[in-house]
Amino acid sequence: MNKVIEAKNLTKIYGKKAAAFTALKNINLSIYEGESVAIVGKSGSGKSTLMHILALLDRPTKGEILIDGKNASKLKNKELNKLRNERFGFVFQQFFMNANDTVLENVLLPLKIAKLGRKKRKKEALEALKIVDLESKVKNKATDLSGGQKQRVCIARAIVNQPQVIFADEPTGNLDSATGDKITDLLFDLNKKHGVTLIIVTHDEDLAKLCNRVVRISDGKIISDQTVRKDLKKAASKKRETEAARVKKANERK
Ligand SMILES: Nc1ncnc2c1ncn2[C@@H]1O[C@H](COP(=O)(O)OP(=O)(O)O)[C@@H](O)[C@H]1O
Ligand SMILES: [Mg+2]
């Protein structure tokens, strides 16, 4: 499997001297193409800090991030911004849209940054809005939407560039459960049908269970990292072994 992001010995220290706080301690983590990864931990454990660094939104104090094997620590901000805009999509509550712009304008922003032509960006933004079922709201102002609709606009904006990786920080945190389920379905559809790698920060265990990998963090350290798909394979082969043994025994009895 292709490694899309690799974090090596990441340490993040906020503040200086007496006020210094170590939010991440020597984190090593590789994310593979097509995975769905939940980053789970208590509030203040360092989840968002880790996600921001993996997503090239912030730089570590020590350590490195490799994107497709290339060292991002050596890139200038302008190059980082370009890489991020091309490869990554974000569904973050605090990264909300430009409230006075229309839904359409918000969604085509990443394409504008990528310098796509006017017609093409409109066409692609409309396609993304169709996927999240918001075609009827394209002309509305972003402020005039419900919480779930706003989150769907965020998803449309996150996918409009056809990113390799989508980062979602508590994507269902502020939503009622039915709306949260819809957002969850949308994200996992992108993963399963389009192979988009998902990295989701959550403290919702039910959401974490849907991911094929769960990374748990506590006090800035990874305390467990489990890939469920492997376990499923193991479980399946175990089941086959048991079944084969049962058939063998049954045959012996004949
Ligand atoms: N800009 C900052 N300056 C100082 N401390 C910060 C800053 N951002 C986060 N922290 C601290 O780092 C720790 C981890 O924060 P965060 O990554 O946001 O945790 P989580 O997302 O798991 O709730 C917390 O103790 C938080 O107070
Ligand atoms: Mg957080």
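Residue positions are given per chain, counted from 1 along the sequence in the order it is written. Lettering of chains starts at A and numbering of ligands starts at 1, both following the order in which they are written. Note on the predicted model: pLDDT of at least 70 is required for a residue's local features to be given, and 80 or more for side-chain atom pairs to be given and counted; whole-chain, interface and lining totals, by contrast, use all residues.

1. Digging into the overall build of the chain
Helix and strand assignments follow DSSP, with helices taken as H or I runs no shorter than four residues and strands as E runs no shorter than two, numbered in order from the N terminus. For the chain, the count of helices and strands is eight helices and 10 strands. Counting all 254 residues of the chain, 36% fall into the buried class. For the chain, the proportion of contacts with a sequence separation of at least 24, taken over those separated by at least 6, is 68%. Between the buried cut of 20 or more and the exposed cut of 12 or fewer other C-beta atoms within 10 Å of a residue's own C-beta lies the partly exposed class, and all C-beta atoms are placed from the backbone. Contact between residues is assigned whenever the C-beta positions, reconstructed from backbone atoms, fall within 7 Å.

2. Some details on the site of ligand 1
All residues are tested the same way: a C-beta atom is placed from the backbone, and lying within 6 Å of a molecule or strand makes the residue near it. Surrounding ligand 1, one finds Y14, G15, F21, A23, G41, S43, G44, S45, G46, K47, S48 and T49. For the shell around ligand 1, the secondary-structure elements that each account for two or more residues are β2 (21-32) and α1 (47-54). A total of three residues in the shell around ligand 1 trace back to one element, the largest contributor, which is α1. For the shell around ligand 1, a count of residues per class yields three nonpolar, eight polar and one charged. Under the convention adopted here, Pro, Cys and the residues Ala, Val, Leu, Ile, Met, Phe, Trp and Tyr are nonpolar, Asp, Glu, Lys and Arg are charged, and Gly plus all remaining residues are polar.

3. Concerning the sheet that holds strand β5 (residues 70-71)
Should DSSP find at least two bridges between two strands, the strands are regarded as paired. Across the sheet, which stays open at both edges, the four strands sit in the order β2-β1-β4-β5 with antiparallel pairing between neighbours. Where the open sheet ends on each side, the last strands, each with one partner, are β2 and β5. Both strand β1 (residues 3-14) and strand β4 (residues 62-67) contribute to a ladder of five bridges, which runs antiparallel. Paired with A7 across the strands is I65, a residue of β4. Whenever a helix is involved, its axis is fitted only over the stretch in contact; in every case the axis is a line through C-alpha atoms, and angles between N-to-C directions fall within 0 to 180 degrees. Along the sheet face, α1 touches β1, β2 and β4 and points at about 125° away from the line of β1.

4. Quick notes on the packing of helix α5 (residues 147-159) against helix α6 (residues 177-194)
Where α5 contacts α6, the two axes come as close as 10 Å, and the packing angle between them is 10°. Taken together, the axes of α5 and α6 are roughly parallel relative to one another. Residue-level inspection shows G147, G148, Q151, I155 and I159 of α5 in contact with α6, the latter providing T179, K182, I183, L186 and L190. Partitioning the contact of α5 with α6 into residue classes produces five nonpolar, four polar and one charged. Angular relationships are summarised with four words: roughly parallel below 35 degrees, roughly antiparallel beyond 145, roughly perpendicular across 65 to 115, and oblique for the angles in between.

5. Notes on α5
In this model α5 runs 19 Å from its N-terminal to its C-terminal C-alpha over 13 residues, within 8% of the 18 Å that 1.5 Å per residue would give. With 10 of its 13 residues buried, α5 lies for the most part within the structure. Three or more residues of α5 are buried, namely K150, Q151, R152, V153, C154, I155, A156, R157, A158 and I159. Elements in contact with the buried residues of α5: β6 (88-92), α3 (103-113), α4 (118-131), β7 (165-169) and α6. How far a helix is expected to stretch is found by multiplying one less than its residue total by 1.5 Å.

By themselves, these are just geometric observations and shouldn't be taken as functional.
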